[in-house]
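# An overview of the molecular structure
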Amino acid sequence: MKVAVLGGGPSGAYAAERLASAGIRTVLFDEKLAWEKPCGGGLTWKAWSQYPFLFDSPTPRKTITETVLAAPKSTPVKLTLDRPLLIFSRYDLNGMLLDRAARAGAQIEQTRVLGAERSGDAWRFRTKLGSLHADYCIVATGARNPLRDLGTELTPADTMSALGYYVPGDRHQIDIQFLPKLEGYIWVFPRCGHMSVGICGKGEPASALRARLERYMEERGLSKDGAAFYSHLLPCLGTPAWKRNRVAGERWMATGDAAGLVDPITGEGIYYALRSADLAAEAILAHRESPELAYRRLLRRDFMGDLEFGSRLANRVFHGRFLCGSITSRMVQFTRLSPKFRGVMQDLFAGTQPYIGLKKRLFRNLNGSLIEIVCNLGLGRVVPRPDTV
Ligand SMILES: Cc1cc2nc3c(=O)[nH]c(=O)nc-3n(C[C@H](O)[C@H](O)[C@H](O)COP(=O)(O)OP(=O)(O)OC[C@H]3O[C@@H](n4cnc5c(N)ncnc54)[C@H](O)[C@@H]3O)c2cc1C
């Protein structure tokens, strides 16, 4: 069995590592290999605890325990994370994952894949360097997958724009800023030697997002001088798209962004890129008879059902109202005033609170949270601005 892996981002590199280390002949194609893919580079506890080499590796990264959350009409709140977030530059992260794949025995080829055709049981891939045959194909070409017949068919309604600047400087905390009437948010993620300052948003043109981000940067004294601009697509599947999502077909599977596997609320994608690669490798190695069927089943059981459920909540999280205020402002206020609610936020930042079950947990805690808030206000421990409660 020979497997061709198209794309060498986190998903392709990890799939290649898993397959090659199990003795499968594996060839990986990437047109750029390690590169600074537009990204925040943030990895939740869920990601690095499941894939401990991310934490143990000497690859440069920031380990972040402080985050500041801000929303309109509420005082920003600092949250000390009980499980840190790791932030990598994507050049370093991709390089580390590709090195691991090569050390496991995968053949790594720097070239662009121009086409993929099936003839009988074999694949033929056309690349800039010539053509290659393989028995099986993993499509990990990211959100801008050029292979129209393989992977998720992303419509404009199932994506969001994400753009920003790499700003020189140093910081020890992340900032998250929610904005009025935006299904998305601004982030400031410190990395080694610079920060990834960006914005993502669904249903708003990139130029409007860029204007919002630049206003924010100006107000916060984050200079664009010497800062490189970046922009990219972020898959953000709506509920109907999850139902028809094309993640596998005969003798192929799509993983990571090429399969639309991104959290529709937070935009977290690196974990799902690694996890789907892991499941694709497991399906090929342990379910030789019908790996595609096994892959679909593994994805659904593992995280896809939860991401689909998240897509039903996204609009309400960013545009909904609670107690006469926006949900995002209430989230910031509740984080400041209620230890119970802070516990929920801790788990959301660690990636351990599934969307299925979130509503139940919030309602179960609501009484307690409201009592804590009233007590905190009554005891005068917190002096809120009049517009915050
Ligand atoms: C602005 C922004 C910020 C983000 N921030 C975060 C974050 O902080 N945390 C997080 O978890 N997620 C974040 N994400 C999402 C994350 O970047 C993606 O989910 C992740 O990179 C997906 O990995 P992947 O391997 O599937 O695809 P990619 O990383 O996109 O890799 C695809 C690879 O395929 C190669 N390729 C494509 N076409 C071809 C071809 N024809 N031939 C050869 N090679 C090809 C490309 O060169 C690339 O290396 C962010 C996304 C954006 C856009």
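Look up a bit, the structure's there.
Residues numbered from 1 in each chain as written. Predicted model: local features only at pLDDT ≥ 70, side-chain atom pairs only at ≥ 80, totals over all residues. Heavy atoms only, no water.

## Quick look at the sheet that holds strand β6 (residues 107-110)
- Within the open sheet, the 6 strands sit side by side as β6-β2-β1-β10-β17-β16. Their pairing is mixed. Two strands close off the open sheet at either side, each with one partner strand: β6 and β16 (248-249).
- Both strand β2 (residues 25-30) and β6 contribute to a ladder of 4 bridges, which runs parallel. Bridge pairing in β6 links V27 to Q107. (Pairing = 2+ DSSP bridges. Helix = DSSP H or I, 4+ residues; strand = E, 2+ residues; numbered from the N terminus.)

## Comments concerning unusual backbone geometry
- The phi angle at K181 is positive, at roughly 55 degrees, despite the residue not being glycine.
- The topology assignment puts K181 in the loop between β12 (173-177) and β13 (183-190).

## Brief notes about the sheet that holds strand β9 (residues 130-134)
- If you walk across this open sheet you meet the 3 strands as β7-β8-β9, and the pairing is antiparallel. Two strands close off the open sheet at either side, each with one partner strand: β7 (113-119) and β9. Averaged over neighbouring strand pairs, the angle between their axes works out to 20 degrees when direction is ignored.
- Both β7 and strand β8 (residues 122-127) contribute to a ladder of 6 bridges, which runs antiparallel. Among the inter-strand pairings, G115 is bridged to a residue of β8, identified as R126. (Axes fitted to C-alpha atoms, helices over the stretch in contact; angles between N-to-C directions.)

## Re the packing of helix α1 (residues 10-21) against helix α7 (residues 270-286)
- Direction vectors running N to C along α1 and α7 enclose 30 degrees, while the axes themselves pass 8 Å from each other. In this view, α1 runs roughly parallel relative to α7, as classed from their interaxial angle. Between α1 and α7 lies a crossing of right-handed hand. Where α1 approaches α7, its residues P10, S11, Y14, A15, R18 and L19 are matched on the opposing element by I270, A273, L274, S276, A277, D278, A281, E282, I284 and L285.
- By residue class, the composition of the contact of α1 with α7 is 11 nonpolar, 2 polar and 3 charged. (Parallel < 35°, antiparallel > 145°, perpendicular 65-115°, else oblique. Left-handed = near helix turned anticlockwise from the far one by under 90°. Contact = heavy atoms within 4.5 Å. Nonpolar A, V, L, I, M, F, W, Y, C, P; charged D, E, K, R; others polar.)

## Digging into the pattern of salt bridges
- Here the structure, examined in full by the defined rule, presents 25 salt bridges.
- In this structure, E36 and R191 form a salt bridge, with 3.0 Å as the shortest nitrogen-oxygen distance. Of this pair, E36 sits in the loop between β2 and β3 (42-43) while R191 sits in the loop between β13 and β14 (194-202), placing them 155 residues apart in sequence.
- Assessed through its relative accessible area of 26%, E36 is described here as partly exposed.
- Residues joined in a network through salt bridges with shared partners are R18, R275, D278 and D302. (Salt bridge = Lys/Arg side-chain N within 4 Å of Asp/Glu carboxyl O. Buried < 20%, exposed > 50% of the residue type's maximum accessible area, 1.4 Å probe, protein only.)

## Examining the site of the ligand
- Around the ligand lies a shell of 37 residues, among which D30, K37, G40, V113 and D257 are the nearest.
- Residue G40 places a main-chain N or O atom 2.8 Å away from a nitrogen atom belonging to the ligand.
- One of the backbone nitrogen or oxygen atoms of V113 is found 2.8 Å away from a nitrogen atom of the ligand.
- For the shell around the ligand, the elements supplying multiple residues, two or more each, are α1, β2, β13, β15 (228-235) and α7.
- Per element, the largest residue contribution to the shell around the ligand is 4 residues, and it comes from β15.
- Class assignment of the residues belonging to the shell around the ligand gives a composition of 16 nonpolar, 14 polar and 7 charged. (Near = heavy atom within 4 Å. Polar contact = N/O pair within 3.5 Å; in protein donor to acceptor, adjacent residues only side chain to side chain.)

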